[in-house]
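# Residue-level structure breakdown
This is what each chain is made of:
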Amino acid sequence: MRVADVATRSIVSLPSRDAVEVIDQRWLPHRLVRARLDSVDAVARAIREMWVRGAPLIGASAAYGLALQARVDASDDALQRAAATLAATRPTAVNLAWALRRMLSRLLALPLAQRQRSAWDEADAIAEEDVAANAAIGRHGLALIEAVAQRRSGPVRVLTHCNAGWLATVDWGTATAPIYRAHAAGLALQVWVDETRPRNQGASLTAWELGHEGVPHRVIADNAGGHLMQRGDVDLVIVGCDRVSARGDVCNKIGTYLKALAAQDNGVPFFVAMPVSTLDLEVDDGLRGIPIEERSEREVTHVSGLAASGETVEVRLTPEGSAAANPAFDVTPARLVTGLITERGIVAASEGALRALKEGA
Ligand code: MRU
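Okay, the site of the ligand next. By nearness alone, 18 residues border the ligand, and Arg53, Arg90, Asp242, Asn252 and Lys253 come closest of all. One of the side-chain N or O atoms of Arg53 is found 2.9 Å from an oxygen atom in the ligand. Within the side chain of Arg90, a nitrogen or oxygen atom sits 2.8 Å from an oxygen atom of the ligand. Considered on its own, the ligand offers 410 Å² of accessible surface; in the complex 100% of this is hidden by protein. Given that more than half its atoms are within 2 Å of the pocket grid, the ligand belongs to the largest cavity.

See the structure below:
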């Protein structure tokens, strides 16, 4: 998508094939900082410290991490150790394990001499397939927005949580892809952007993206969504996901579950945008089977933002000595999900539909 009218991606494979360039998302929205990652350790650090984040982008970054490892040592042992390092960076988004499995199964089957070149090709393929999947999610999700537009005279009001935008993928985003398509098609929109405490990916990343695309939006406190739904000010909820279980339970950024409950109570359709790479058929019960990342207390006790001096500063919110808890994701049971918008169409959050979806691979 665009930044100041320039087409931009969250991760760029450099023609020299010795590094990738990413946006260091810790500095957004106030500074656009790019970083060059040229080793598996640099990629692992960037994922762990959330320079890059969002399930599909984590997967693509990890794939390039293995490709960078293959440049220096492509032996079975070195690739497997590098994959283990990358896999340990963040536990919840299944795209990470999915991308590493795909890379290893391709590379370990090849003679050593072919691995370096094939590794970069495969990482490029993962990145390009992500772009294509999200573009298709956008086409399928557009129909949902069009259906609302046909029965409403005002803008279609979509609520989204966290950042499932292009910054969380290679391009387009998942939850934002239908929004960008609808905007490009000339439909009037009003996007409610949950700020998404504690790291504020909605306020800092989704709002920034939408702004650069010219999509009308308003940032809301996380607690405002239920009230807006009760008032009839939300037509549709579209969120992303980090892992979807075989029976359709959706793991996504903390706070998603509360939005799904409010949507159910108010008859608001609750859709989840899901590339098939985010489906984990090995887990049935998402509530018990999906590991929930517990992040640093500091993300809750402190907040960062732009000071009047123009510098990004971090300040403490809570009293010294108050402990904090920081579960980063929650699980929305399948019964609260109206449908999953995938690159292959919109499907029910049910075991039958999801197994059939995967078999269509
Ligand atoms: O902790 P983050 O910022 O990586 O969490 C991101 C989310 O929860 C997104 O909604 C999810 O990864 C989907 S991204 C298309």
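More follows now that the structure is in view.
In terms of domain boundaries, the protein chain breaks down into domain 1 (2–129) and domain 2 (136–359). On a C-alpha basis, the centroid separation for the pair domain 1 and domain 2 is 24 Å. Carbon and sulfur atoms make up 56% of the surface buried where domain 1 meets domain 2, a total of about 2900 Å² over both sides. Residue Glu213 is joined to Arg2 by a salt bridge in which the shortest nitrogen-to-oxygen separation is 3.0 Å. Viewed at the interface, domain 2 and domain 1 are joined by 15 residue pairs in polar contact (both at pLDDT 80 or more). The set of elements that each furnish at least two residues to the side of domain 1 that touches domain 2 consists of β1 (2–3), α2 (55–72) and α4 (94–107). No other element matches the four residues that α2 contributes to the side of domain 1 that touches domain 2. Its residues assigned to classes, the side of domain 1 that touches domain 2 comprises 18 nonpolar, seven polar and seven charged.

For the rest of this paragraph, the subject is the pairing of strand β7 (residues 189–194). The side chains of a regular strand alternate, residue by residue, between the two faces of the sheet. Counting buried residues along β7, six of its six residues qualify, which places the element largely inside the surrounding structure. The pairing of strand β6 (residues 156–160) with β7 spans five bridges and is classified as parallel. For Leu159, the partnering residue across the bridge sits in β7 and is Trp192. Pairing geometry for β7 and strand β8 (residues 217–220), over four bridges, is parallel. Looking across to β8, one finds that Val191 is bridged to His217. Assessed by its sense of winding, the connection that carries the chain from β7 through helix α7 (residues 201–213) to β8 is right-handed.

For Arg115, the position within the fold is in helix α5 (residues 112–151). At 3.0 Å, the side chain of Arg115 and the backbone oxygen of Leu107 are in polar contact. Arg115 has contacts with Ala70, Ala74, Ser75, Asp76, Leu79, Leu107, Leu108 and Leu110, leaving out every residue within four places of it along the chain.

Take unusual backbone geometry next. Looking along the chain, the bond that leaves Leu28 and enters Pro29 is cis, with omega of 5 degrees. In this structure, Pro29 sits in the loop between β4 (20–23) and β5 (34–37). In this structure, Pro198 follows Arg197 across a cis peptide bond, with omega equal to 10 degrees. Relative to the elements of secondary structure, Pro198 occurs in the loop between β7 and α7. Even without glycine at this site, Met50 takes up a positive phi of about 65 degrees. Along the chain, the position of Met50 falls in the loop between α1 (40–48) and α2. You can call Met50 buried: its relative accessible area is 3%. Notably, Thr196 is not glycine yet its phi reads approximately 70 degrees, a positive angle.

Conventions used here
- Residues numbered from 1 in each chain as written.
- Predicted model: local features only at pLDDT ≥ 70, side-chain atom pairs only at ≥ 80, totals over all residues.
- Heavy atoms only, no water.
- Near = heavy atom within 4 Å.
- Polar contact = N/O pair within 3.5 Å; in protein donor to acceptor, adjacent residues only side chain to side chain.
- Areas by Shrake-Rupley, 256 points an atom, 1.4 Å probe, with all protein chains shown as cover.
- 1 Å grid on protein atoms, 1.4 Å probe; cavity = no way out; pocket = protein on both sides within 12 Å on 5 of 7 lines; lining within 4 Å.
- Sits in = over half its atoms within 2 Å of the grid points.
- Domains from an automatic or database assignment.
- Buried area = accessible area lost by both parts, 1.4 Å probe.
- Salt bridge = Lys/Arg side-chain N within 4 Å of Asp/Glu carboxyl O.
- Helix = DSSP H or I, 4+ residues; strand = E, 2+ residues; numbered from the N terminus.
- Nonpolar A, V, L, I, M, F, W, Y, C, P; charged D, E, K, R; others polar.
- Buried < 20%, exposed > 50% of the residue type's maximum accessible area, 1.4 Å probe, protein only.
- Pairing = 2+ DSSP bridges.
- Right-handed = clockwise from strand over helix to strand, strands pointing away.
- Contact = heavy atoms within 4.5 Å.

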